[in-house]
Amino acid sequence: MSSEFCDIKTSDDFSIFVVSDGTGKTAYLAVQAALAQFDLPRVKILRFDHVKNKEEIFSILDITRPQKDLVIYTLVNDDFVQALVSESLHRQILVLDLLGPIVNSIRKLSTRSPRGEPGLLHGSNRESVAITEAVEYALAESTGVSFSRLNEAQVIILTVWFPHRDDCIMQLAKKGIKCGYMMLNPDLPLPQNMEDILGKDPGKIVIGFIMEPELLQKLRNERIMNLGLNYMEYKANQEVVRQEIKFAQDIYQKLNCPVIDITSLNSKDIINQILLKIQKQREEAE
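Below or above, wherever it landed, is the structure these notes cover. This is a predicted model, so every value here is computed, not measured.

Thresholds applied
Residues numbered from 1 in each chain as written. Predicted model: local features only at pLDDT ≥ 70, side-chain atom pairs only at ≥ 80, totals over all residues. Heavy atoms only, no water. Pairing = 2+ DSSP bridges. Helix = DSSP H or I, 4+ residues; strand = E, 2+ residues; numbered from the N terminus. Axes fitted to C-alpha atoms, helices over the stretch in contact; angles between N-to-C directions. Parallel < 35°, antiparallel > 145°, perpendicular 65-115°, else oblique. Left-handed = near helix turned anticlockwise from the far one by under 90°. Contact = heavy atoms within 4.5 Å. Nonpolar A, V, L, I, M, F, W, Y, C, P; charged D, E, K, R; others polar. Core = buried A, V, L, I, M, F, W, Y, C linked by side-chain atoms within 4.5 Å. Buried < 20%, exposed > 50% of the residue type's maximum accessible area, 1.4 Å probe, protein only.

### A few points about the sheet that holds strand β6 (residues 155-159)
In sheet architecture, strand pairing relies on hydrogen bonds along the backbone and comes in two forms, parallel and antiparallel.
For step 1, the next point in the chain: Read across the sheet, four strands follow the order β7-β6-β8-β9 without closing on themselves; strand pairing throughout is parallel. A strand with exactly one partner marks an edge of an open sheet, and here the two such strands are β7 (179-183) and β9 (259-261). Adjacent strand axes in the sheet meet at a mean angle of 25°, parallel and antiparallel pairs treated alike.
For step 2, the next point in the chain: As judged from the four bridges shared by β6 and strand β8 (residues 205-210), these two strands associate in the parallel manner. Looking at the pairing, Ile-157 lines up with Ile-207 of β8.

What follows is the structure, given as structure tokens:
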């Protein structure tokens, strides 16, 4: 069970307790909408979500003030509802069932019984939320040199060059996958907290990109010519290119991460290879 506190300006000193065996977001937003109708200077909303047993309910009621505070609940477990209602009545605590009346009304019109499972609404929206968050992340994290949020990525690409970068990252985002990347450069020191940046979450995957030196040399030359970056000509030198690729390979070996040779791959091929690596990791974790 977790709790969330939100100070809202009201004129009376009282608290509203939001209690749920799910996320509690539905009741929390409803309370905020209701309070917006009042011009009051001080009140607290205390949100207790993912309630797992009756003892937690009793503990919540222990900190409420009889005939002063309000308990609003969205509980789908009948035993929890009965415990909360009976104990609140005994303690003279004002309670409001936000979900029950709607469920009971639908029950009268339907031949089906309610599932009694918490969190179904937000579970159904989980995929769309993941896609939105991944797209927002893709738009915000696009430099390859800023590591402030790289630990949030589910897929981290390490590479000396990332062709089709924007398309790959956005296509993964549309699948709900946050993809970040780190450009490797032997001229720049690796971050001291590299392991923390890459993260140790078992659901995260770090993938190394590799390519033939001739391709990297060609891509560098084209970029230098197109943008007039004459001062960067040394980056297209054959020996420099080989050193950079060797630098990247040493890092991949140290991290023991999967590697994808992108020499002859287009953006669609790269995405498919990344998805295959993700699937393989999931299968090995099962």
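Back to the text.
### Points about the packing of helix α7 (residues 165-173) against helix α11 (residues 267-285)
For step 1, the next point in the chain: Look at α7 against α11: their axes get within 9 Å of each other, and the N-to-C directions meet at 50°. Taken together, α7 and α11 sit at an angle that is classed as oblique. For the pair α7 and α11, the crossing hand works out as right-handed. Contacts from Asp-167, Cys-168, Gln-171 and Leu-172 in α7 reach Ser-267, Ile-270, Ile-271, Ile-274 and Leu-275 in α11.
For step 2, the next point in the chain: Broken down by class, the residue content of the contact of α7 with α11 amounts to six nonpolar, two polar and one charged.

### Notes on the nonpolar core
For step 1, the next point in the chain: Counting 43 residues, the largest nonpolar core has Val-155, Ile-157, Leu-158, Leu-184, Ile-207, Phe-209 and Ile-274 as its most contacted members.
For step 2, the next point in the chain: In contact with Leu-184, not counting residues within four places along its chain, are Leu-158, Thr-159, Val-160, Leu-190, Phe-247, Ala-248, Ile-251 and Tyr-252.
For step 3, the next point in the chain: Formed by 15 residues, the second largest nonpolar core is a distinct cluster that contains Val-71, Tyr-73, Val-81 and Leu-84.

### Examining unusual backbone geometry
For step 1, the next point in the chain: Notably, His-50 is not glycine yet its phi reads approximately 55°, a positive angle.
For step 2, the next point in the chain: Tracing the backbone shows His-50 in the loop between β3 (43-49) and α2 (54-62).
For step 3, the next point in the chain: Classification of His-50 by relative accessible area gives partly exposed; the value is 38%.
For step 4, the next point in the chain: Even without being a glycine, Gln-67 presents a positive backbone phi close to 60°.
For step 5, the next point in the chain: Tracing the sequence through the fold places Gln-67 in the loop between α2 and β4 (70-74).

### Comments concerning the environment of Ile-278
For step 1, the next point in the chain: Tracing the sequence through the fold places Ile-278 in helix α11.
For step 2, the next point in the chain: Taking the C-alpha atoms as reference points, Ile-278 and Gly-203, 75 residues apart in sequence, are found 9.1 Å from one another.
For step 3, the next point in the chain: Other than its neighbours up to four places away in sequence, Ile-278 contacts Val-155, Ile-177 and Ile-205.

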